[in-house]
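Results of the structural survey
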Amino acid sequence: MRIFPGMLPAWLKSLSIILILAGPVTLLAQPQVLPSVEIGSDEVAKAPLAKKLLTFPLEVEPDSLAPFCPWNVPLWHKSPISPRGYIRPLHYNLGIDSSFGATLQASLYPAWKFLPIASLSGQFGVPGGNRMLSSLSGHLQTRFSPEMLIAEDLFFQDVSADSASSTLYSLALNNSARRLRIGSLAFSDLRTQASYAGMKQESGASSVSERDWGFTHQHTLSWDRYTLFNGFWLQDSAVGFSLRYRVPLPGNILPEASIGLMTDFVHLLPSIDLYKRIILKPDLYLELSNRPAINSWPLDVRKQSQPFSPLHLDDQLTLTPLNLTANAYKVFGSRGAVQWLGFFHNSALHYNKPQLVLPAASQLPAGGFSDLLSNKTGWEIRFKVWDVELEQNLYLNLEHLPESDWRRKSYSPLLAAQTSIQRPLGNMMINADLEQRYFMRDERGQDLSNTIDLSLALNYPINPDLQITARLENIFNTPYHELGGLPERGRTFRIALRYLPLR
C-alpha cells in the first residue's frame, strides 16, 4: 500500500519535522580540535623567596630582607662581606707616627679547618714626657667540630707614666656554639669565656701585685613552649647572675619580649628585654628596644682602655637595667643625593660603670667604678654627590653621676659632632674627618675650651696586594682635655704599610 504525505497522521508529521531540524544541531555539537595558541607578555615572572631568620654574627647574608635583620644591625649599614672566591691567607699592617710610636699587625688565614685564623699585633710608643707604652697580643682560633670553635687571646703590656708603672699579662679562652641538645632540652647561642690575668703596678714607693680570674657563660634554654635566657658572671670576688623568661604575647606584638631579674648580690634589679621594629613604609622604619646587660671587666680590658692610670683592684660587675633606645630612619636609596636619614635617642642607667677618678692626694687619676646615667639624642645623615660621600652625626650628650649629687660627668662634651668625607681620586682614596666637642667641664666644674680635630688621610694601592696609608691627625693641634693631665692627643702624623694578598 502506498502512503502519500497527505495521508500521514498529524503526530507523525510533527516528529518528522523535529528530526530534520535536530540533525544539523547534533552535527554542530561534535568535539572539534582547535589550533594551538601561544600567549606572551612583556612582564617578568617573579617567584617568592623564602627568607630565614639568620644567626648573627656567625652568619651574615647580604640579601636579607629588612624584617629579618637583627636589632643591632642598622639597615643602612653594609655588612663587611668578602667577595666570593677570594682567600686572604696573610696580611699585615706596619705603621709609625710622629709621637715616637710604632705598630705592627699581622694575620694569617690558613686553609686549615682546624686553624681558621692566627694573628699577632704589637705596639710601642713614647707619647711625651716620661711616658712609655709597649704591648704585644696574639689571637688564635681552633675549630674542633662544626659546633666547637675556641678562640685564644694572649696579651702583654708594659707601661710607665711619671712615677707610676705597671706590667700585665693575660690569657683568655672563648667558646661559642650555635646549638646543643640534651634530650628534650635545647641549648642555643652558647657563649663561654675563661680568663686569667696577672698584674704588678707601682705608684711612688708603693707596689702591689694582683691575680685576677674570670668566668662567664650565657645561653638560651628551650623546652616545649618555654624559653629561658640564663647568664652567669664571675670576676675574681664579684659574682652575678641573670635569668629572663620569654613571654609569649598574643598576636606577635613583641616576639622577643622577656622579663626576669639580674643581681650582683649587692643590687637586685629587674631585667626586661624588649624589641620591636615597625616598618611604616618600605623605606621608613621605627625601632624601639630595651636591652639590659651585665658586664665583667678583666684587668686586661680595663688596662687597655686606661693604660696610663693605676687601677683600683676591687672587681665589680656593671649592671645596666635601663638601656632604652628609639630609632627612626628613612632609606632613600642610591639614586638621590641623600642616602639615608636617621634620628635616635638612648637612655641608659649603669651601676658600677668603670670611671676615672682623681684622688685628693694624687695628681694621677685612677680607674675605679661609679654609677652613671646617660642620655644621648641625635641625628645621622649620609649624602653622596657624584663620587663624594659625606656622613654627618650630631648628638646632644648628657651624662650625670648619681652618687655625686647628680652632677655632670667631667670632661664629657654636652654637644658633639662627627663629619666624614671620602672621595676617590684615580686609584687613591682621600678621607677627611672632623670631630667637634663643645661645653665641657673639668673636675672642679670650670669650663674647658672646645675641641675641633681635623684629620686628613690618603690611601694609595701600590699594587693589588700592597697599600700605603698616610694620615695627619689633629691638624689644628687642638688639645684634648684629659682627667689629671693624662697624655693629650696633639698633632700626629701616621704612615702605615698594608700587605693584603688576594688569591
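Each remark here, short or long, concerns the structure printed above.
For the structure given in this document, a descriptive report is provided here. (Residues numbered from 1 in each chain as written. Predicted model: local features only at pLDDT ≥ 70, side-chain atom pairs only at ≥ 80, totals over all residues. Heavy atoms only, no water.)

Side note on the overall build of the protein
The criterion, for reference: Elements are defined by DSSP. Helices are runs of H or I of four residues or more, strands are runs of E of two residues or more, and each kind is numbered from the N terminus. Throughout this description, buried means an accessible area under 20% of the type-specific maximum (1.4 Å probe, protein chains only), exposed means over 50%, and partly exposed covers the range between. In this description, accessible areas are obtained by the Shrake-Rupley approach with a 1.4 Å probe, and a residue is regarded as covered only by the protein chains that are shown.
Scanning the protein from terminus to terminus reveals two helices and 26 strands. By the burial criterion, 32% of the 503 residues in the protein qualify as buried. Counting only carbon and sulfur atoms, one obtains 62% of the accessible surface of the protein, whose full area is about 30,900 Å².

Digging into the side chain of Ser374
For the record, the criterion: Residue contacts follow a heavy-atom distance rule, with two residues in contact if any of their heavy atoms lie within 4.5 Å.
Structurally, Ser374 is set in strand S17 (residues 366–385). A relative accessible area of 13% means that Ser374 is categorised as buried. Discounting residues that sit within four places of it in the chain, Ser374 has contacts with Asn346, Ser347, Ala348, His350, Leu398 and Glu399.

Side note on the pairing of S17
Heads up, the rule is: Only strands that DSSP links by at least two bridges are regarded as paired with each other.
In this sheet, S17 lies alongside strand S16 (residues 338–357) in antiparallel orientation, the contact comprising 17 bridges. The residue bridging Trp340 from the neighbouring strand is Arg382, located in S17. Of the pairings in the sheet, the one linking S17 to strand S18 (residues 388–401) comprises 13 bridges and is antiparallel in character. Bridge pairing in S18 places Arg382 opposite Glu391. From the end of S17 to the start of S18, which pair antiparallel, there are two residues, and Trp386 there has a positive phi angle of about 55 degrees.

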